[in-house]
Structures are given as C-alpha cells and as structure tokens.
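So the chains spell out like this:
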Amino acid sequence: MNKIPQNAYLTFKYNQSLGRHGWLRLTPAYSVKIVEFVLTKLNYSPQHILEPFSGTGTTELVCANNGIPATAYDVNPFLVWLAKVKTKIYHREILTTFNDVANDIIKNLPYVSPCHYPPIYNIERWWNAKQLNYLARLKNIIFEQKDSCICDLLKIAFCRQIIELSNISFNHISTSFNENNETSDGFTDEIGDLFFLKSCEMISNTLKEQPKAKICIKKQNSLDIPIDMINNYDTVITSPPYPNRISYIRELRPYMYWLDYLKTTSEASELDWKTIGGTWGSATSKLADWKSQTNLLPCGLLEIAEKIAQVSNKSAQLMANYVLKYFDDMALHFQSIFQTIKSGGSIHYIVGNSSFYGYVIPSDLIYKEILSQIGFQNITIVIVRKRNCNKHLYEYCISALKP
C-alpha cells in the first residue's frame with residue numbers, strides 16, 4: 001500500500017475556525033471537507049439528506065449552509081440539543097439582545113449565588129474551588145434567562161467555559177488531567193469574565209450568516225429508523241462510531257453533567273450502551289450475556305472474534321463479544337437504512353478500522369460484505385486518511401447504492 005498521509009484537515013481540527021462548526025470540539029467528529037467532498041461527487045442533486053449519527057451536527061450544518069434539506073438523528077439528548085442550536089435560523093435582533101444579555105450577566109455575576117455542583121466523580125480534579133464557584137454562579141444566572149434562544153446561545157458559551165477552565169485534556173483515548181495547571185492556580189473572576197465575553201462575541205459573529213435550509217433533528221436510536229420516514233431520503237452522509245470500544249460520551253460528560261443531561265454514572269453507562277461502539281462503565285458487564293440479533297455477520301469476522309476470545313487475557317471473551325456486537329448493531333442499522341432510503345439513493349459512511357490484541361478488524365471489508373448481503377450495490381471503498389494512533393489504522397469512505 002502506498003504511503004497514506006494523516007490529513008489532519010479531514011478531522012475535527014479543520015472545523016475549529018469555521019463559524020458554528022467551531023463552537024465545541026469533539027474528537028471523533030469529522031471534517032466539513034469530507035461532507036463537501038461527498039456532495040461534489042454525487043451525480044445528482046440531493047433533495048433530502050439523512051444523517052443517522054448526528055454527533056456535533058457537521059453534516060446537517062453543511063447541508064443547511066448549502067440549502068439542502070436534511071434530517072438528523074442521535075441517541076444522545078445533549079448532541080440533539082447542540083445540533084439544533086447550531087443549525088437554527090436566528091433573527092437579527094437576537095444578535096443585539098444576546099450581546100447585551102452577556103454583558104449584563106458579567107455585571108451581575110458577583111451578586112449571584114452558586115448552584116449545586118454537578119455529581120461528577122472527584123470533581124475537584126476537574127476544576128479547583130474558585131473555578132467551581134465561578135461556574136456554578138454562571139450556570140445559575142444563565143439558566144434564569146427567559147428567552148430560550150438567548151439561553152441556548154449562552155449555554156454554548158458556558159460549555160466553552162467549562163472546558164477552558166478545566167484541568168482536563170482530551171489528547172488521548174482516556175481523559176487525563178493537567179495536575180500542574182498554572183491557569184487553574186491563578187484563576188480569578190476577571191479571567192473567567194474575559195473568556196466568557198470573548199466566547200459570546202465569537203458566537204455572535206458566527207450568527208451573522210444564516211443557514212439556507214431548515215434542518216430537522218430528533219432524538220432517535222438509529223438501529224431503527226422511524227417507519228414514517230421510509231423512502232423519504234435520497235442520500236445518507238454520516239460517520240458512525242468506530243469499533244474501538246471508546247466511550248462516545250467521554251468528552252461530553254462535563255457538558256452533560258453541568259447542563260443537567262446526566263445526574264448519575266448509571267445514566268451515563270446506560271446511554272453509552274445504546275450508542276453503537278460504546279461500552280463504558282457498567283455497560284461492559286452486559287457484553288457477557290449479549291446475543292446476536294442478525295445472521296449477517298461475515299465468516300471472516302467470526303474467525304477474528306474467535307482468535308480474540310482465545311487471547312490470554314481476562315477480558316478477551318468480552319472484547320470478542322464487543323466486536324461482534326458492534327457489527328451486529330451496524331447490520332441492524334444498515335437494514336433499517338435500506339428500508340428508509342429511496343431506490344437509486346446513495347449512502348456514504350466514514351469509518352475507521354481497529355485492532356484488538358494485535359488482530360486488525362477490517363471495518364471497511366466487513367461493512368462491504370454486510371451491505372452486499374442486505375442488497376446494496378456498487379459498493380466502493382476509498383481510504384480517507386491514515387490515523388496517527390497505529391500504523392495499521394485508517395479511515396475509509398464506504399459508499400453504496402440502493403437499486
């Protein structure tokens with residue numbers, strides 16, 4: 001295989017300076033460039049695009065900015081909220097009001113009582129006492145706002161504040177802490193105020209250009225697309241979770257706890273179990289009793305899973321079950337998509353392969369075989385980029401047509 005570049009511009013990093021796309025980062029998010037590339041390669045003008053794994057709303061925001069109607073689903077209520085706020089059309093007077101309210105909040109913040117801190121385990125590792133008090137007061141005054149549009153935009157700025165003030169780093173697959181954070185040690189309200197107003201100014205600037213199409217975003221598990229949407233879409237552009245057993249609420253936990261989408265760790269693990277590819281916390285134990293729901297798993301995959309199960313490691317059988325569950329879930333999803341998309345429509349999935357105990361899981365080839373069994377045709381695989389975590393790992397664009 002010829003050397004494939006890492007192409008960082010095809011990751012979330014490219015989005016960080018692109019208006020609303022840069023509001024909040026999520027490492028698994030893919031680049032605006034990928035969505036635009038897929039759209040330019042279509043040999044027809046899409047009339048209604050489906051994004052079944054909405055995430056941070058990249059696909060639907062690109063569609064909205066290009067005047068293409070789209071519907072998006074996500075099982076995570078926080079991500080549904082985020083995508084709705086990002087793709088919303090805001091009236092001009094909202095911009096002036098938003099900036100005025102943000103300034104009033106900072107003026108009144110010294111006189112606001114803090115709310116209760118979110119039940120995040122060992123929360124003092126995430127923020128020190130001064131930062132927690134500041135965030136708790138800021139949350140209280142933001143949540144008191146009566147205008148829902150203004151409140152939502154302030155919550156975006158608050159989410160940016162949560163990460164800016166934290167001692168956490170998402171540069172690895174597990175959350176790490178910056179124990180010697182000088183910014184944390186020297187924190188003052190004035191520092192917090194400055195960053196909050198800067199975030200509000202950035203958000204306000206991104207609202208000057210409005211989407212050209214309305215987008216529908218719903219909380220929905222994409223293992224089963226709603227029956228009323230059958231034959232409603234002509235194109236699917238999405239990036240599902242990868243089969244790497246990474247919690248897809250890992251980076252979202254601070255947002256979700258502070259914004260009251262999560263109240264307990266059990267809620268977090270239950271949500272992760274519903275997410276394809278996620279088995280965080282107590283959800284891991286459910287793998288022991290998991291049973292396949294389809295007969296679509298390729299023989300090659302079963303053989304790899306058997307090899308994983310035989311590795312000398314106490315978690316080997318669970319990891320084998322995880323791999324099988326991931327592709328069984330995706331098979332259920334593909335069956336639902338096949339029923340949903342119009343005849344002649346196309347699907348485009350950005351996904352990576354993975355490795356367990358030295359055994360590479362060829363996601364691209366497994367996807368291709370499952371899609372073929374379901375009835376999709378003209379299946380193509382294009383390598384998008386080399387990932388930087390392992391010399392054997394790549395991202396692919398897998399496309400197919402419904403006859």
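Right above here is the structure, for reference.
What you see is a predicted model, and the numbers here were worked out from it, not measured in a lab.

This brings us to the packing of aromatic side chains. This structure, assessed with the given rule, holds 14 aromatic pairs. Their ring planes at 50° and their centres at 5.9 Å tell us that Tyr 322 and Phe 356 sit as a pair that is tilted. Here Tyr 322 is found in helix H12 (residues 316-340), whereas its partner Phe 356 is found in strand E8 (residues 354-356), with 34 residues between them in sequence. Given a relative accessible area of 8%, Phe 356 falls into the buried group. Note on Tyr 394 and Tyr 396: the rings are 6.5 Å apart at their centroids and 55° apart in plane angle, and the pair reads as tilted.

On the secondary structure map, Cys 200 appears in helix H8 (residues 189-206). Along the primary structure Cys 200 and Ala 157 are separated by 43 residues, whereas in three dimensions their C-alpha atoms are 5.9 Å apart. If near-sequence neighbours (up to four positions away) are discounted, Cys 200 is found in contact with Phe 98, Asn 99, Ala 102, Leu 154 and Ala 157.

Bringing the pattern of salt bridges into the picture now. Side chains that differ in sign of charge can pair as their charged atoms come close. On inspection of all chains with the given rule, the structure shows four salt bridges. In this structure, Asp 189 engages Arg 137 in a salt bridge whose closest nitrogen and oxygen atoms are separated by 2.9 Å. Of this pair, Asp 189 sits in helix H8 while Arg 137 is found in helix H5 (residues 129-143), placing the two residues 52 residues apart along the sequence. You can call Arg 137 buried: its relative accessible area is 7%. A salt bridge links Lys 325 to Asp 329, with the nearest nitrogen and oxygen atoms 2.6 Å apart. One end of the pair is Lys 325 and the other is Asp 329, both in helix H12 and four residues apart, which spans about a single turn. The exposure class assigned to Lys 325 is buried, which follows from its relative accessible area of 7%. Owing to a relative accessible area of 5%, Asp 329 belongs among the buried residues under this scheme.

The next point concerns the side chain of Asp 234. Of note, Asp 234 is situated in strand E6 (residues 233-238). Summary of buried charges: Asp 234 has no salt-bridge partner, and the nearest side chain of opposite charge, Lys 342, is 5.2 Å away. Excluding anything up to four places from it in sequence, Asp 234 contacts Tyr 44, Pro 46, Gln 47, His 48, Ile 341, Gly 345 and Ser 346.

Let us look at the packing of helix H4 (residues 92-108) against H8. Two elements in contact, H4 and H8, have axes separated by 10 Å at closest approach and are oriented at 175°. Between H4 and H8, the angle falls in the class roughly antiparallel. Of the residues in H8, those in contact with Leu 95, Phe 98, Asn 99, Ala 102, Asn 103, Ile 105 and Ile 106 of H4 are Asp 193, Phe 196, Leu 197, Cys 200, Ile 203 and Ser 204. Of the residues assigned to the contact of H4 with H8, the class counts are nine nonpolar, three polar and one charged.

With that settled, the discussion passes to the nonpolar core. Within the largest apolar cluster, 71 residues are counted, with the highest numbers of intra-cluster contacts made by Phe 327, Ile 347, Tyr 349 and Tyr 367. Top contributing element to this core by residue count: H12, with twelve residues. With sequence-adjacent residues up to four places away left out, Ile 347 is seen in contact with Val 236, Ile 337, Ile 341, Leu 371, Phe 376, Ile 398, Ser 399 and Ala 400. Within the second largest apolar cluster, 59 residues are counted, among which are Ile 106, Leu 109, Ile 249 and Ala 268.

Counted residue by residue, strand E7 (residues 341-352) has nine buried out of twelve residues, so it is predominantly covered. Pairing analysis gives five bridges linking E6 to E7, with the strands arranged parallel. For Thr 238, the partnering residue across the bridge sits in E7 and is Tyr 349.

Inspection of the secondary structure assignment puts Asn 76 in the loop between strand E2 (70-74) and helix H3 (77-87). Residue Asn 76 is classed as buried on the basis of its relative accessible area, which comes to 3%. Dropping the residues within four chain positions of it, Asn 76 is found in contact with Ile 249, Leu 252, Met 256 and Leu 271.

All right, on to the sheet that holds strand E10 (residues 377-386) then. If you walk across this open sheet you meet the seven strands as E5-E2-E1-E6-E7-E11-E10, and the pairing is mixed. Every interior strand has two partners, whereas the edge strands, strand E5 (215-219) and E10, have only one. Neighbouring strand axes in the sheet, compared pairwise and without regard to direction, differ in orientation by 15° on average. In this structure, strand E1 (residues 49-51) lies alongside E2, joined through three bridges in parallel fashion. If you follow Ile 49 over to E2, its bridge partner there is Ala 70. Packing of helix H1 (residues 32-41) onto the sheet brings it into contact with E1, E6, E7, E10 and strand E11 (394-401), and relative to E6 it is tilted by some 150°. The sheet contacts of helix H2 (residues 58-65) involve E1, E2, E5 and E6, and relative to E1 the element is tilted by about 155°.

Before going further, it helps to spend a moment on unusual backbone geometry. The residue Asn 122 is not glycine, and still its phi comes out positive at about 55°. The phi torsion at Asp 260 lies on the positive side, around 70°, for a residue other than glycine. Inspection of the secondary structure assignment puts Asp 260 in the loop between helix H9 (253-258) and helix H10 (265-274).

A few words now on the packing of helix H11 (residues 299-309) against H12. Direction vectors running N to C along H11 and H12 enclose 160°, while the axes themselves pass 7 Å from each other. Judged by the inter-axis angle, H11 sits roughly antiparallel to H12. Crossing hand, H11 versus H12: right-handed. Residues Leu 301, Leu 302, Ala 305, Ile 308 and Ala 309 of H11 touch H12, and the partners they reach there are Ala 316, Gln 317, Met 319, Ala 320, Val 323, Leu 324 and Phe 327. Tallied by class, the residues present in the contact of H11 with H12 amount to eleven nonpolar, one polar and no charged.

Conventions we followed
Residues numbered from 1 in each chain as written. Predicted model: local features only at pLDDT ≥ 70, side-chain atom pairs only at ≥ 80, totals over all residues. Heavy atoms only, no water. Phe/Tyr/Trp six-rings, centres within 6.5 Å; stacked < 30°, edge-to-face > 60°. Helix = DSSP H or I, 4+ residues; strand = E, 2+ residues; numbered from the N terminus. Buried < 20%, exposed > 50% of the residue type's maximum accessible area, 1.4 Å probe, protein only. Contact = heavy atoms within 4.5 Å. Salt bridge = Lys/Arg side-chain N within 4 Å of Asp/Glu carboxyl O. Lys, Arg positive; Asp, Glu negative; His and termini not counted. Axes fitted to C-alpha atoms, helices over the stretch in contact; angles between N-to-C directions. Parallel < 35°, antiparallel > 145°, perpendicular 65-115°, else oblique. Nonpolar A, V, L, I, M, F, W, Y, C, P; charged D, E, K, R; others polar. Core = buried A, V, L, I, M, F, W, Y, C linked by side-chain atoms within 4.5 Å. Pairing = 2+ DSSP bridges. Left-handed = near helix turned anticlockwise from the far one by under 90°.

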